[in-house]
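Architecture at a glance
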Amino acid sequence: MTDAAATQPSNAAFTPRVFSGIQPSGDLHLGNYLGALKRFADAQNQGIETVYCMVDQHAITVWQDPAELRRSTRELAAGFIASGIDPAKSILFNQSQVAEHAQLAWVFNCVARMGWMQRMTQWKDKAGKNQQNASLGLFAYPSLMAADILLYHATHVPVGEDQKQHLELTRDIATKFNNDFGVDFFPITEPVITGTATRVMSLRDGAKKMSKSDPSDASRINMTDDADTIAKKIRKAKSDADALPSEAKGLEERAEARNLVNIYAAMADMSVDAVLAEVGGKQFSEFKPMLAELAVEKLAPISAEMARLMQHEDEIDAILRAGADRARAIAAPILQKTYDIVGMIR
Ligand code: AQP
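What counts as what
- Residues numbered from 1 in each chain as written.
- Predicted model: local features only at pLDDT ≥ 70, side-chain atom pairs only at ≥ 80, totals over all residues.
- Heavy atoms only, no water.
- Phe/Tyr/Trp six-rings, centres within 6.5 Å; stacked < 30°, edge-to-face > 60°.
- Helix = DSSP H or I, 4+ residues; strand = E, 2+ residues; numbered from the N terminus.
- Buried < 20%, exposed > 50% of the residue type's maximum accessible area, 1.4 Å probe, protein only.
- Salt bridge = Lys/Arg side-chain N within 4 Å of Asp/Glu carboxyl O.

What follows concerns the packing of aromatic side chains. One pass over the full model with this rule turns up 13 aromatic pairs. For the pair Phe93 and Tyr152, a centre-to-centre distance of 6.0 Å together with 55° between the ring planes defines the contact as tilted. Of this pair, Phe93 sits in strand E3 (residues 91-94) while Tyr152 sits in the loop between helix H7 (136-150) and strand E4 (156-158), and the two are 59 residues apart along the sequence. Here Phe93 matches Tyr152 in class, with each residue buried. Relative to Phe139, the ring of Trp123 lies with its centre 4.9 Å away and its plane at 75°, an arrangement referred to as edge-to-face. Here Trp123 is found in helix H6 (residues 121-127), whereas its partner Phe139 is found in helix H7, with 16 residues between them in sequence. As far as burial versus exposure is concerned, Trp123 and Phe139 are alike and both buried. Through a chain of ring-to-ring contacts, the aromatic side chains of Phe108, Phe177, Phe181, Phe185 and Phe186 assemble into a single cluster.

Now for the pattern of salt bridges. Counted by the stated rule, this structure contains 21 salt bridges. In this structure, Asp269 engages Lys38 in a salt bridge whose closest nitrogen and oxygen atoms are separated by 2.7 Å. Highlighted residues: Asp269 in the loop between helix H10 (255-268) and helix H11 (272-279) and Lys38 in helix H1 (residues 30-45), separated in sequence by 231 residues. For Lys208, the salt bridge is made with Asp214, and the minimal N-O distance between the two is 3.3 Å. Judged by relative accessible area, which is 41%, Lys208 ranks as partly exposed. Using a relative accessible area of 10% as the deciding quantity, one classes Asp214 as buried. In the salt-bridge network here, residues are joined through shared partners; they are Asp27, Glu68, Arg71 and Glu75.

And the structure:
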């Protein structure tokens, strides 16, 4: 893979394998597409073994309506496929259908320390002021995430910037497990956080991440938005009164402008410098329609394919079941070996 960090020497014994997941916790948005799905398809197309998961057990760490969770899981699967993840090339499955995730997470709950979890910024953000009332699952979320990754001995995990701290914790858990038991069993997985869209920001506030849970629908472009809605959201996106600069350093103090240029660059597969060489000097009144046109061109076929797939729920369910069988074939022996190392009788 071109954007993978080099595998550390300690991982040399492991076959390169990419793992990543997305929660079925709401509508997919442009941040999920550029920061995750598009890069997942790129990794798959570079010929590396790729394992991708709908992490429904992570989603239920906060309340999910059961009917809506089922719909969102299928829609997320449709989003993966429509973004170019080919179930014949990648393993595509739903987390709860492979029981080994929860089983390995329990072992990791006994390896990880409370203090590690308490330092996680996502825990602090999501639990808010009322930590006593947050679910135990939300607190232990990074331990389940470590299990998702290490159950496949994944060497690389493409994620957005927001997941960096959780990846570091995965490395800490693998290191502690290996040290505690005197083995070199789990790889020290590399996060792959590269490109111009590792942190797509809200269209309404350049200091906030674009997120499914933002109450303002205008803050994000959903992958199911139609062309008019996309164009309208971009037209209304927060920007500033100045013309675009012709070099990236001119964007340093302009969070909203930087975000819109980064989005354009990621969608056009161009560097920020190359974009600014083209659009430097233009006002937002000229740049925004260019951005809207590009966004519609890239997203419209994806959203149309998602809608088509959602008419065939049985097909989606069959793909996920077949993916779960393939995932289990890798996961079960790794869990069994973990149990052997820990001293559990089979
Ligand atoms: N704004 C973003 N920019 C770039 N990448 C992003 N990702 C999420 N938001 C952005 C990446 O998408 C993948 C899946 O994320 P997730 O759904 O598992 O969880 P999340 O990061 O918590 O996503 P949201 O949208 O922010 O959900 P809520 O609002 O429910 O918390 C990950 O690789 C993530 O980095």
